[in-house]
Amino acid sequence: MKSLFTIAELSSDQIVALLDRAESYTDKRTNELVNVTVATLFMEPSTRTRLSFELAAHRLGAEVVSFAAETSSVSKGESLKDTALTVAALGVDLIVVRHPHAGSPELVAGWTNRPVVNGGDGRRAHPTQTLLDLLTMRQIFGKIDGLTVGIVGDVGNSRVARGLIDALPRMGAGVTLVGPSTFTESAPTDLVQVSHRIDEVIATVDVVYLLRVQKERGAGGGYPSDASYHRRYGLNAARQGLMKPGAVVMHPGPINRGVEIASEVADGDRSVLLHQVRNGVPVRMAVMASLWEGRS
Ligand code: CP
């Protein structure tokens, strides 16, 4: 593996190997990337992904440089290509890219001839999010095969949902997408089931995986108001009470409290949101170390 652009590039065996490697890195530091420089090239906002890639690089012994569009020469009109070439000329060895346009990570890899990890591109892919979600499920349930996962919300705009829809069925899990028809119309019904009623699904799944309504991608037009969305699809305490014993609530973050998730659920004992966040570091260590080994 030279770069990682989408989860679809990885076989099930490669996914399992990365999860195993991530487990071995939990709370560890290594020197596998000593004398390697990693750049996080983020053209979209991020908290979790960027910080965990940077922590992961540090914990592998790498030097880390951080790039944010709003404080860089991108704000003066510099193109992605010239930015990427500049980063490479400065001696960066491995690049993490987040960009609003699908396919940008591949372009950066082509221009720079460096290993690139996709940290989220448009609506398309966010492969390390998929890996950390799979690791979280495997740690909680001891397996992924046979799990049932309800993915609730703004599926159409979600690169996170796209990754789960690809990986979970391949790993033996069943997936039901839940949301208004405006959010689920492009669902691949050969891979997943679709429901427009959360109350029909909530009691049947092991994982309720909530998605943020992405207003920045136009999703606000897909339903009448935040209050009506919360009434019809939000996970509140009453709905949480219908969940199976042992079932958990997941969300990639950032969350919109009072829209897709009530505060008492986000902060409650079914919520594993911070478990997901913690897994971001070992998963990204595993990905970057594997890419570095597989370069050339
Ligand atoms: N889940 C996720 O990608 O969060 P950030 O946008 O904060 O990185």
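Here is what the cut-offs are and how they apply
- Residues numbered from 1 in each chain as written.
- Predicted model: local features only at pLDDT ≥ 70, side-chain atom pairs only at ≥ 80, totals over all residues.
- Heavy atoms only, no water.
- Pairing = 2+ DSSP bridges.
- Helix = DSSP H or I, 4+ residues; strand = E, 2+ residues; numbered from the N terminus.
- Axes fitted to C-alpha atoms, helices over the stretch in contact; angles between N-to-C directions.
- Contact = heavy atoms within 4.5 Å.
- Domains from an automatic or database assignment.
- Buried area = accessible area lost by both parts, 1.4 Å probe.
- Salt bridge = Lys/Arg side-chain N within 4 Å of Asp/Glu carboxyl O.

**Student:** Which parts of the structure should I look at to understand the sheet that holds strand 1 (residues 37-42)?
**Tutor:** Note on sheets: strands pair through backbone hydrogen bonds, and any given pair is parallel or antiparallel. With parallel pairing, four strands are arranged side by side in an open sheet as 2-1-3-4. Each edge of the open sheet carries a strand with a single partner, namely strand 2 (63-68) and strand 4 (116-121). Between one strand and the next, the sheet's axes are offset by a mean angle of 10°, whatever the strand orientation. The sheet strands contacting helix 3 (residues 80-89) are strand 1, strand 2 and strand 3 (94-99), and the helix crosses strand 1 at an angle near 165°.

**Student:** What exactly am I supposed to notice about the domain arrangement of the protein chain here?
**Tutor:** Interface size is commonly expressed as the accessible area that is lost once the parts come together. Per the domain assignment, the segments making up the protein chain are domain 1 (7-126 + 280-293) and domain 2 (127-276). Put simply, the middle of domain 1 and the middle of domain 2, counted by C-alpha atoms, are 26 Å apart. Tallying the contact residues gives 30 residues for domain 1 and 27 residues for domain 2. For the domain 1 and domain 2 pair, buried surface summed over both sides reaches about 2,400 Å², with 57% attributable to carbon and sulfur atoms. It is Ile 7, Arg 123 and His 126 that lose the most area in domain 1 upon contact with domain 2, and together they represent 33% of the buried surface on that side. Our count for the contact surface shared by domain 1 and domain 2 stands at three salt bridges.

**Student:** Explanation requested: the sheet that holds strand 7 (residues 193-195) in the structure shown.
**Tutor:** Across the sheet, five strands lie side by side as 7-6-5-8-9; this open sheet has parallel pairing. This sheet does not close on itself; its edge strands, each paired only once, are strand 7 and strand 9 (248-250). Shown here is a sheet whose adjacent strand axes are inclined to one another by a mean of 25°, direction ignored. Where strand 5 (residues 148-152) meets strand 8 (residues 207-210), four bridges bridge the pair, whose relative direction is parallel. Within strand 8, the residue paired with Val 152 across the bridge is Leu 210.

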